[in-house]
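One-letter residues, chain by chain:
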Amino acid sequence: MTTPTEIVAVKQISDAQEAVRNLPRLLVRGGGSKPTLTSATEQATLLDLSGLTGILEYQPGEYTFTALAGTPITEVEAALAENGQYLPFDPPLAQHGATLGGTVAAGLSGSGRYRYGGVRDFLIGVRFVDGQGQLVRGGGKVVKNAAGFDLPKLLVGSLGRLGVLVEVTFKVFPRPQRYATLAIPYATLEDALGGLAKAATAHFDLEALDLIMERGDGLRVTPTLWVRLGGLEAVLAQRMAQLRAVLGAGEVMENFVESASWQVVREFSWAPANTALVKVALTS
């Protein structure tokens, strides 16, 4: 890999437009939380959007917000939390500096996608700079927007190849009052996959479902199923007891331990340093 010959720091949208018009080859970077995707393979100018930040509009009553593409996920989550709201698709790598634009461009979603859908299901509007340096708007700023081609969805996972994202609008949800997770260890991977299938087909509104390969002493790996529930605090314990009865085993994780465990999943903290992570979509 080669390094970019120049770095252009974007502070306002017009900077991005000028760069597209005047530079022959660009590589777009947000917070730099996914370095493999922003490593130049040819000589290119690095367009750094980390300075293009700020929440432009937030309407808690409408459950929508609009922000510049370089806005860190953590900043958005803090603003939403003040009103008991959140991004249900659970964007990964927030603690590593992930931005809204980078999350959309990479098409990444976290464990919350299991129930609520991915980033594409919550993105309702965009503004981006096209290959001629023109500012293009797609979608809108309200949830009920059915006019025209659904352009925002096209940019999810585009990695900056179709345009430079400069502004995004999302819909959000109320955050559950409380979470709890049932952790079920299995002797073999085959048993764990059977438990996963059973949990997935049980009549519960699961927040997330994950199979964790936990390393013990030596080379032994214990497949452990994590089944997460969320909702009203008054009934969560009862729902968790019913889930445990259906699955036949498990230890309940709650409060800080539960939250910290899913944080490890979200931030890929379980992965060894200097390794590449590959996302593979499968169908059954």
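Each remark here, short or long, concerns the structure printed above.
Residues numbered from 1 in each chain as written. Predicted model: local features only at pLDDT ≥ 70, side-chain atom pairs only at ≥ 80, totals over all residues. Heavy atoms only, no water.

1. Considering the overall build of the protein
Secondary structure assignment for the protein yields eight helices and 14 strands. Taken over C-alpha atoms, the radius of gyration comes to 21 Å for the protein, in line with the 19 Å a tight globule of 284 residues would show. Along the first, second and third principal axes, the C-alpha atoms of the protein reach 65 × 50 × 35 Å. When the 284 residues of the protein are sorted by exposure, 45% land in the buried category. Across the protein, every contact between residues at least 6 apart in sequence was considered, and the portion connecting residues at least 24 apart equals 65%. (Helix = DSSP H or I, 4+ residues; strand = E, 2+ residues; numbered from the N terminus. Rg over C-alpha atoms; globule rule 2.2 N^0.38 Å. Buried < 20%, exposed > 50% of the residue type's maximum accessible area, 1.4 Å probe, protein only. Contact = heavy atoms within 4.5 Å.)

2. A few points about the pairing of strand β4 (residues 55-59)
In this structure, β4 lies alongside strand β5 (residues 64-68), joined through four bridges in antiparallel fashion. Pairing of Tyr-58 across the sheet is with Phe-65, part of β5. In sequence, β4 turns back onto β5 through a hairpin of four residues, with Tyr-63 there showing a positive phi of about 60°. (Pairing = 2+ DSSP bridges.)

3. Looking at helix α6 (residues 189-201)
Taking 1.5 Å of rise per residue, 13 residues should cover 18 Å, and α6 covers 19 Å from first to last C-alpha, within 8% of that figure. Ala-192, Gly-195 and Ala-199 are the residues of α6 that are buried. Taken end-on, α6 shows its buried residues confined to a sector of 60°, consistent with a single buried face. Exposed side of α6, more than 90 degrees from the buried face: Glu-190 and Thr-201 are the residues found there. (Expected span 1.5 Å × (residues − 1). Arc of directions from axis to C-beta.)

4. Here's the deal with unusual backbone geometry
Residues other than glycine seldom take positive phi values, yet Tyr-63 does so here, at roughly 60°. Position of Tyr-63 among the secondary structure elements: in the loop between β4 and β5. Despite not being glycine, Leu-93 shows a phi value in the positive range, around 60°. You can see Leu-93 is positioned in the loop between β6 (85-86) and α3 (100-106).

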